[in-house]
Amino acid sequence: MININKSKPVMVTGATGYLAGWIIKLLLQNDITVHATVRDPNNKEKLKYLDELAKNLKGNIVYYKADLLEKHSFDEAAKKCELIFHTASPFTNTVKDPQKELIDPALQGTINVLEAVNKSDSVKRVVLTSSIAAIMGDNKDLVKLPDNMASENHWNTSSTLSHQPYSYSKTLAEKEAWKINKTQKKWQLVVINPVLVLGPGISPQISSESFKLMKQLGDGSMKIGVPNFEIGIVDVREVAQAHFNAGFMPEAEGRHIICAEPKSFLQIANLIRDDFGDKLLLPNRNLPKCLVWLAAPTVGVKRRMVARNMGYKIKIDNTKSIEKLGIKYRPVKETLIDFFSQMYENGAFNK
Ligand code: NAP
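Treat the numbers as computed from the prediction; the structure is a model and nothing was measured.

**Student:** I'm lost on the overall build of the protein in this one. Help?
**Tutor:** If you tally the helices and strands in the protein, you get 12 helices and 14 strands. What you see for the protein is a C-alpha radius of gyration of 20 Å, in line with the 20 Å of a compact globule of 351 residues. Buried residues in the protein amount to 56% of all 351 residues. Put simply, of all contacts in the protein between residues at least 6 apart along the chain, 78% involve residues at least 24 apart. A total accessible area of about 15,900 Å² is found for the protein, and carbon and sulfur atoms account for 53% of it.

**Student:** It is not clear to me how the pairing of strand β2 (residues 33-38) should be interpreted in this structure. Could you clarify?
**Tutor:** For a regular strand, the rule is simple: side chains alternate between the two faces of the sheet. β2 sits mainly inside the fold: 5 of its 6 residues count as buried. In this structure, strand β1 (residues 10-13) lies alongside β2, joined through 4 bridges in parallel fashion. Note that in β2 the partner of Val12 across the bridge is Ala36. For the handedness criterion, the β-α-β arrangement of β1, helix α1 (residues 18-29) and β2 is classed as right-handed. Strand direction decides the pairing type here: β2 and strand β3 (residues 60-65), joined by 6 bridges, are parallel. In the sheet register, Val34 faces β3, and the bridge partner there is Ile61.

**Student:** I keep staring at the sheet that holds strand β4 (residues 83-86) and nothing clicks. Help me out?
**Tutor:** Pairing between the strands of a sheet is mediated by backbone hydrogen bonds and can be parallel or antiparallel. Spatially, 7 strands are ordered β3-β2-β1-β4-β5-β7-β11 in an open sheet, and the strand pairing comes out parallel. For this open sheet the edge positions go to β3 and β11 (254-258), each flanked by a neighbour on one side alone. Strand-to-strand twist across the sheet, computed as the mean angle between neighbouring axes with direction ignored, equals 20°. Here strand β7 (residues 188-194) pairs with β11 via 5 bridges, running parallel. In the sheet register, Asn193 faces β11, and the bridge partner there is Ile257. Lying over the sheet, helix α4 (residues 98-119) contacts β1, β4 and β5 (125-129), oriented at roughly 175° with respect to β4. Packing of helix α7 (residues 236-248) onto the sheet brings it into contact with β1, β4, β5, β7 and β11, and relative to β5 it is tilted by some 160°.

**Student:** Before we go on, may I ask you to explain the environment of Trp22 in this structure?
**Tutor:** With respect to the helices and strands, the residue Trp22 is situated in helix α1. With a relative accessible area of 16%, Trp22 lands in the buried category. In this structure the C-alpha to C-alpha distance between Trp22 and Trp187, which are 165 residues apart in sequence, comes to 24 Å. Beyond its immediate stretch of four places on either side in the chain, Trp22 contacts Pro200, Gly201, Ile202, Val236, Arg237 and Ala240.

**Student:** When you look at the site of the ligand in this model, what are you seeing that I'm missing?
**Tutor:** Residues in close proximity to the ligand total 25 residues, the closest being Thr16, Arg39, Thr87, Tyr166 and Val197. Between the ligand and Tyr18, the relevant distance is 2.9 Å, taken from an oxygen atom to a main-chain nitrogen or oxygen of the residue. In this structure, an oxygen atom belonging to the ligand sits 2.8 Å away from a main-chain N or O atom of Val197. Contributions of two or more residues to the shell around the ligand are made by α1, α5 (165-181) and β8 (196-198). Classifying every residue of the shell around the ligand by side-chain character gives 11 nonpolar, 10 polar and 4 charged.

**Student:** Explain the nonpolar core to me, please; I cannot follow it from the model alone.
**Tutor:** Soluble globular proteins tend to bury their nonpolar side chains together. Grouped together as the largest cluster of nonpolar side chains are 80 residues, with contacts concentrated most on Leu27, Met214 and Phe340. Looking at which element gives the most residues to this core, the answer is α1, with 9 residues. In this structure Met214 touches Leu196, Leu198, Phe265, Ile268, Phe339, Phe340, Met343 and Phe349, once residues within four positions along its chain are discounted. If you look at the next biggest cluster of nonpolar residues, it comprises 24 residues, including Met11, Phe74, Cys81 and Val117.

Conventions and cut-offs
Residues numbered from 1 in each chain as written. Predicted model: local features only at pLDDT ≥ 70, side-chain atom pairs only at ≥ 80, totals over all residues. Heavy atoms only, no water. Helix = DSSP H or I, 4+ residues; strand = E, 2+ residues; numbered from the N terminus. Rg over C-alpha atoms; globule rule 2.2 N^0.38 Å. Buried < 20%, exposed > 50% of the residue type's maximum accessible area, 1.4 Å probe, protein only. Contact = heavy atoms within 4.5 Å. Areas by Shrake-Rupley, 256 points an atom, 1.4 Å probe, with all protein chains shown as cover. Pairing = 2+ DSSP bridges. Right-handed = clockwise from strand over helix to strand, strands pointing away. Axes fitted to C-alpha atoms, helices over the stretch in contact; angles between N-to-C directions. Near = heavy atom within 4 Å. Polar contact = N/O pair within 3.5 Å; in protein donor to acceptor, adjacent residues only side chain to side chain. Nonpolar A, V, L, I, M, F, W, Y, C, P; charged D, E, K, R; others polar. Core = buried A, V, L, I, M, F, W, Y, C linked by side-chain atoms within 4.5 Å.

Here it is in structure tokens:
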């Protein structure tokens, strides 16, 4: 049981991120001072929307310059904090050098943040943003699990540097965090494992992979059809709430899958068809697996990825998040409508 004093500052790494924006909003609403780490505190344009939040809500933001790849980068920001949210990590599926662009920042970044935590006399709890990707790599992985269901008891064993490197980066980073946590008794680690996060961003400039993926569904790139690929979906506001509760609930412990429901890309398109069918170029059929398998390399997708993911139904256990963190999931349709409305209004589908 750990009680976090809300009058002490709270550090959030990667403050400019899609998810971090909503976590910071919750902290500011609760009159908390946020030590926000960003790569470039001089980029006033990029921080404008966070400044706006701080102006209108009770808490304050203090910016710190920090890079995941720089040792001691987080030391100053962690001082005086009892609670740390470590959200920063590159989230992308299009990389040339997975070691340099994904593994190094995710892994070395986690080490650097936790070294800062070890140096600070005040930190009592770290909430790490991991991912469902640290639990399962490919949808086919679930075939060998009890009830074919992903739960907090499992680890991703199928991702490597050359196959699903983003998932590999999240797995290595979370494992390292648990390893470092076990070498000491001063601070506790609580982990959040979200599935694909969707829903409106606080910043109009959000560039998370979540947006890029959903943009393709509406901009005509998938008009002829979509791969029959299921993915867990959750609203960004529930993921932020899960972080907040994991930070402040005294009894929070361990890992937490945060997932509303799995859906296929076609099901996603069908859920928004009534509202956006006449505005966007939505797909209306699944493509045959053999066709997707053949064409995969021409769109930069590995055939192994298609073989091990398409056509598999997935089940994801969200019981712990409901029972222990008190998360109430809104319907996926509501998340999608809010998300696509924001993207449509911002002209995302014209670019
Ligand atoms: P995002 O909007 O791309 O945010 C990523 C953040 O990480 C940005 O603030 C970025 O800073 C920061 N970052 C990247 N490389 C960095 C570096 N070398 N040094 C310092 N900061 C760096 O992505 P997001 O969707 O909010 O993701 C946030 C976290 O949630 C990540 O850990 C991700 O793995 C996890 N997650 C996301 C999803 C999802 O569907 N979105 C699902 C599961 C887990 P800059 O602004 O300076 O680039």
